[in-house]
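As a plain string of letters, each chain reads:
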Amino acid sequence: LAAALEDNRRAIDEAATLGASCLVMVVGSLPGALQGKPAYHDIGLARSQVLDGLAASLDYAKQANMPLAIEPLHPMQAADRACVNTLEQALDICDALDPERTGALGVALDVYHVWWDPKLEAQIARAGKERLLGYHVCDWLNPTRDLLNDRGMMGDGVIELRKIRGWVEATGY
């Protein structure tokens, strides 16, 4: 945890130096799973540690005036890359850590990871302009050969990109 927090501080400083509008947080999951040797299998514990780590990083990010944007990743990556897998989960974290909607914490919406979610429209509306800090557009190819790198150009896949874009624009983003 200490190493992850130090890594987050470095990333916050780098984002601030570059003048980024926010720092996108891919929050991690089961320690060691990315290397094929998870330290444990309790995803609830991983989510709890992510919440604690974000809380600690948020304090530093506020001092640096660098908003953090939680990026939910597709559930296929829940074990090794990110245990926050829906926009709803990410927004629940935002509400818990920044209930006043100060602008210090929000979400990065990557349609590749969330297009399948039946609650997506409602959760985009819930995010609103205050919480929606980033929007990434690409397409889901069918068949997908590589779950991390096989993204398609807009229109080459199965995502209803125009519909989702309309939901995002309706927030004022």
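Cut-offs and rules
- Residues numbered from 1 in each chain as written.
- Predicted model: local features only at pLDDT ≥ 70, side-chain atom pairs only at ≥ 80, totals over all residues.
- Heavy atoms only, no water.
- Helix = DSSP H or I, 4+ residues; strand = E, 2+ residues; numbered from the N terminus.
- Rg over C-alpha atoms; globule rule 2.2 N^0.38 Å.
- Buried < 20%, exposed > 50% of the residue type's maximum accessible area, 1.4 Å probe, protein only.
- Contact = heavy atoms within 4.5 Å.
- Areas by Shrake-Rupley, 256 points an atom, 1.4 Å probe, with all protein chains shown as cover.
- Lys, Arg positive; Asp, Glu negative; His and termini not counted.
- Charge placed at Lys NZ, Arg CZ, Asp CG, Glu CD.
- Phe/Tyr/Trp six-rings, centres within 6.5 Å; stacked < 30°, edge-to-face > 60°.
- Pairing = 2+ DSSP bridges.
- Axes fitted to C-alpha atoms, helices over the stretch in contact; angles between N-to-C directions.
- Salt bridge = Lys/Arg side-chain N within 4 Å of Asp/Glu carboxyl O.
- Parallel < 35°, antiparallel > 145°, perpendicular 65-115°, else oblique.
- Left-handed = near helix turned anticlockwise from the far one by under 90°.
- Nonpolar A, V, L, I, M, F, W, Y, C, P; charged D, E, K, R; others polar.
- Expected span 1.5 Å × (residues − 1).
- Polar contact = N/O pair within 3.5 Å; in protein donor to acceptor, adjacent residues only side chain to side chain.

Student: Summarise the overall build of the protein; cite the residues concerned and give the values.
Tutor: Along the backbone of the protein there are six helices and six strands. For the protein, the N- to C-terminal ordering of α and β elements is α-β-α-β-α-β-α-α-β-β-β-α. Its C-alpha atoms give the protein a radius of gyration of 16 Å, within 12% of the compact-globule value 16 Å for 173 residues. A principal-axis box enclosing the C-alpha atoms of the protein has dimensions of 40 × 40 × 30 Å. By residue count, 42% of the 173 residues in the protein fall in the buried class. Long-range contacts, defined as pairs at least 24 residues apart, comprise 68% of the intrachain contacts of the protein with a sequence gap of at least 6. As displayed, the protein has an accessible area near 9,100 Å², and 53% of this comes from carbon and sulfur atoms. Positive and negative side-chain charges in the protein, numbering 16 and 24 respectively, have mean positions lying 2 Å apart.

Student: With reference to specific residues and values, describe the packing of aromatic side chains.
Tutor: In this structure the tally under the stated criterion is three aromatic pairs. Consider the rings of Trp115 and Trp140, whose centres lie 6.0 Å apart with planes at 45°: the pair is tilted. Of this pair, Trp115 sits in the loop between α4 (111–114) and α5 (120–131) while Trp140 sits in strand β5 (residues 139–140), and the two are 25 residues apart along the sequence. We classify Trp115 as partly exposed; its relative accessible area is 30%. Among the residues examined, Trp140 registers a relative accessible area of 12% and is labelled buried.

Student: Report on the sheet that holds strand β3 (residues 105–110), specifying residues and quantitative values.
Tutor: With respect to topology, four strands assemble into an open sheet ordered β1-β2-β3-β4, the strand pairing being parallel. Across the chains shown, the open sheet's two edge strands, defined by having one partner strand only, are β1 (23–25) and β4 (132–136). Within this sheet the neighbouring strands show an average axis-to-axis angle of 30°, counted without direction. Examined bridge by bridge, β1 and strand β2 (residues 68–70) share three bridges and lie parallel to one another. Opposite Val24, over in β2, you have Ala69 as the bridge partner.

Student: Please set out the pattern of salt bridges residue by residue, giving values where relevant.
Tutor: Counted under the stated rule, the structure contains twelve salt bridges. Here Asp7 ties to Arg10 by a salt bridge, and the two come within 3.4 Å at their closest N and O atoms. Here Arg10 and Asp7 lie together in helix α1 (residues 2–18), a separation of three residues that amounts to about one turn. The partner of Asp95 in a salt bridge is Arg126, and the shortest N-O contact between them spans 2.7 Å. Of this pair, Asp95 sits in helix α3 (residues 87–97) while Arg126 sits in helix α5; the two residues are 31 residues apart in sequence, bridging distant segments of the chain.

Student: Tell me about the packing of helix α2 (residues 43–63) against α3, residues and numbers included.
Tutor: Viewed as axis vectors pointing N to C, α2 and α3 meet at an angle of 50°, and their least axial separation amounts to 11 Å. As judged from the angle between their axes, α2 and α3 are oblique. You can see that α2 and α3 cross each other, and the crossing is right-handed. Facing Arg47, Leu51, Leu54, Ala55 and Leu58 of α2, the residues of α3 in contact are Gln89, Ile93 and Leu97. The class makeup of the residues in the contact of α2 with α3 is six nonpolar, one polar and one charged.

Student: Which residues make up α2, and what are the values?
Tutor: End to end, α2 covers 30 Å across 21 residues, agreeing with the expected 30 Å (1.5 Å per residue, within 8%). Against the buried residues of α2 lie α1, β1, β2, α3 and β3. N-capping of α2 is provided by Asp42, with a side-chain oxygen placed 3.0 Å from the backbone N of Gly44. Just downstream of α2, Asn65 is the residue with a positive phi angle, here 55°.

Geometry only, nothing functional implied.
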